[in-house]
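Each chain, letter by letter, is given below.
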Amino acid sequence: MASTAIAGGEVLDGSNPAVVRLRQLIGDPNSSDGWRRCWEQGVTPWDLGQPTPAVVELVRSGTLPGDGATVLVPGCGGGYDVVALAGGGRFVIGLDVCEAAIQKAKQWSSAAAAGESSFDFVAADFFTWESPEKFDLIFDYTFFCALHPSMRPAWARRMADLLKPDGELITLMYLVEGQEAGPPFNTTVLDYQEVLKPLGFEITCIQDNQVAVEPRKWNGENRKVEEDGTANQPAICRVKSTKTAIYSRDPCIRHS
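Keep in mind the model is a prediction, meaning the values are calculated, not measured.

Undergrad: Summarise the overall build of the protein; cite the residues concerned and give the values.
TA: Along the backbone of the protein there are seven helices and eight strands. Relative to its full complement of 256 residues, the protein shows a buried share of 53%. A sequence separation of at least 24 residues applies to 70% of the contacts in the protein between residues at least 6 apart. Accessible area of the protein: about 10900 Å², with a carbon and sulfur share of 49%.

See the structure below:
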């Protein structure tokens, strides 16, 4: 079966029949079996088929670490963002619990970045994977919102474990509301703060994702992140850890 992803991206909520089907296939979002079924049946409405535009903009901005920096992309799916982040002195690991996703990522990247050796893909569970090293940067997109809310504290603890003391977490937040089920589950900026702040993380910068694909922008005339943590389109946030110092970062969802 061909993938349900389209070049412009799909809206990721219950109004999309592909998301309804995804939820039927997944059942328990914390189990790898459902995600495997989605990849095998091509029910992947989150899959853009290309790097996330916000990632491309981040790379162009010159604000990402280089010079031997290590980067992790958990829930990497087709691997597009892994390839986009690679280079510039960075080595990137794409991690996904689904072997079918990793196989697709390897196939796509071998054609899109032939001869490139600055990235690798690993099929493993983010929560139990024994990483050989800690990372300078972790990039999260459609991963936090795909987890059942009960798993969010464990997500934050794992981020803290995998980052270097002066590392950074960049999260492209998909702020969806009004969903009776998931994934994606209802998510606000405050949900991130609730699990990250107790671990010494501080959100230093949040801005609207102006390059979000059109189907994932809501209420086109008003796209600001509100003070209560709600928003009507994906937002970019950068956060730094205060475990050793207080850091500042530029706009996008970044945590460290």
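Undergrad: Let's hear about the environment of Phe144: which residues, and what values?
TA: Inspection of the secondary structure assignment puts Phe144 in the loop between strand 4 (135–141) and helix 6 (152–162). Along the chain, Phe144 and Gly75 lie 69 residues apart, while their C-alpha atoms are 9.3 Å from each other. In contact with Phe144, other than residues within four places in its own chain, are Arg152, Trp155, Thr187, Asp191, Tyr192 and Val195.

Undergrad: How would you summarise the pairing of strand 4 if you had to cite specific residues and measurements?
TA: Burial analysis of strand 4 places seven of its seven residues in the buried class, which makes it a mostly covered element. Pairing between strand 1 (residues 70–74) and strand 4: two bridges, direction parallel. Following the sheet pairing, Leu72 is matched in strand 4 by Ile138. One ladder, built from six bridges, connects strand 4 with strand 5 (residues 163–173); its direction is parallel. Bridge assignment links Asp140 to a residue of strand 5, and that residue is Thr171. Handedness of the β-α-β unit built from strand 4, helix 6 and strand 5 comes out right-handed.

Undergrad: Give me the lowdown on the layout of surface pockets, citing residues and values where you can.
TA: Taken as a whole, the largest pocket holds about 730 Å³ of empty space. As for the largest pocket, its lining consists of 42 residues, of which Trp35, Gly75, Asp96, Thr142 and Phe143 are closest to the centre. Of all the secondary-structure elements, those providing two or more residues to the lining of the largest pocket are helix 1 (17–26), helix 2 (32–41), strand 1, helix 4 (80–85), strand 2 (91–96) and strand 4. Of all the elements, helix 2 adds the most residues to the lining of the largest pocket, at three residues. When grouped by side-chain class, the residues that make up the lining of the largest pocket number 28 nonpolar, ten polar and four charged.

Undergrad: I'd like a rundown of the packing of helix 1 against helix 2, residues and numbers included.
TA: Following both chains from N to C, one finds helix 1 and helix 2 inclined at 130°, their axes separated by 7 Å at the closest point. Here helix 1 is positioned oblique relative to helix 2, judged by the angle of their axes. The residues of helix 2 that touch helix 1, namely those facing Arg21, Leu22, Leu25 and Ile26, are Gly34, Trp35, Arg37, Cys38 and Gln41. Classifying every residue of the contact of helix 1 with helix 2 by side-chain character gives five nonpolar, two polar and two charged.

Definitions and limits used
Residues numbered from 1 in each chain as written. Predicted model: local features only at pLDDT ≥ 70, side-chain atom pairs only at ≥ 80, totals over all residues. Heavy atoms only, no water. Helix = DSSP H or I, 4+ residues; strand = E, 2+ residues; numbered from the N terminus. Buried < 20%, exposed > 50% of the residue type's maximum accessible area, 1.4 Å probe, protein only. Contact = heavy atoms within 4.5 Å. Areas by Shrake-Rupley, 256 points an atom, 1.4 Å probe, with all protein chains shown as cover. Pairing = 2+ DSSP bridges. Right-handed = clockwise from strand over helix to strand, strands pointing away. 1 Å grid on protein atoms, 1.4 Å probe; cavity = no way out; pocket = protein on both sides within 12 Å on 5 of 7 lines; lining within 4 Å. Points joined across faces, edges and corners; volume = space filled by probe spheres on them. Nonpolar A, V, L, I, M, F, W, Y, C, P; charged D, E, K, R; others polar. Axes fitted to C-alpha atoms, helices over the stretch in contact; angles between N-to-C directions. Parallel < 35°, antiparallel > 145°, perpendicular 65-115°, else oblique.

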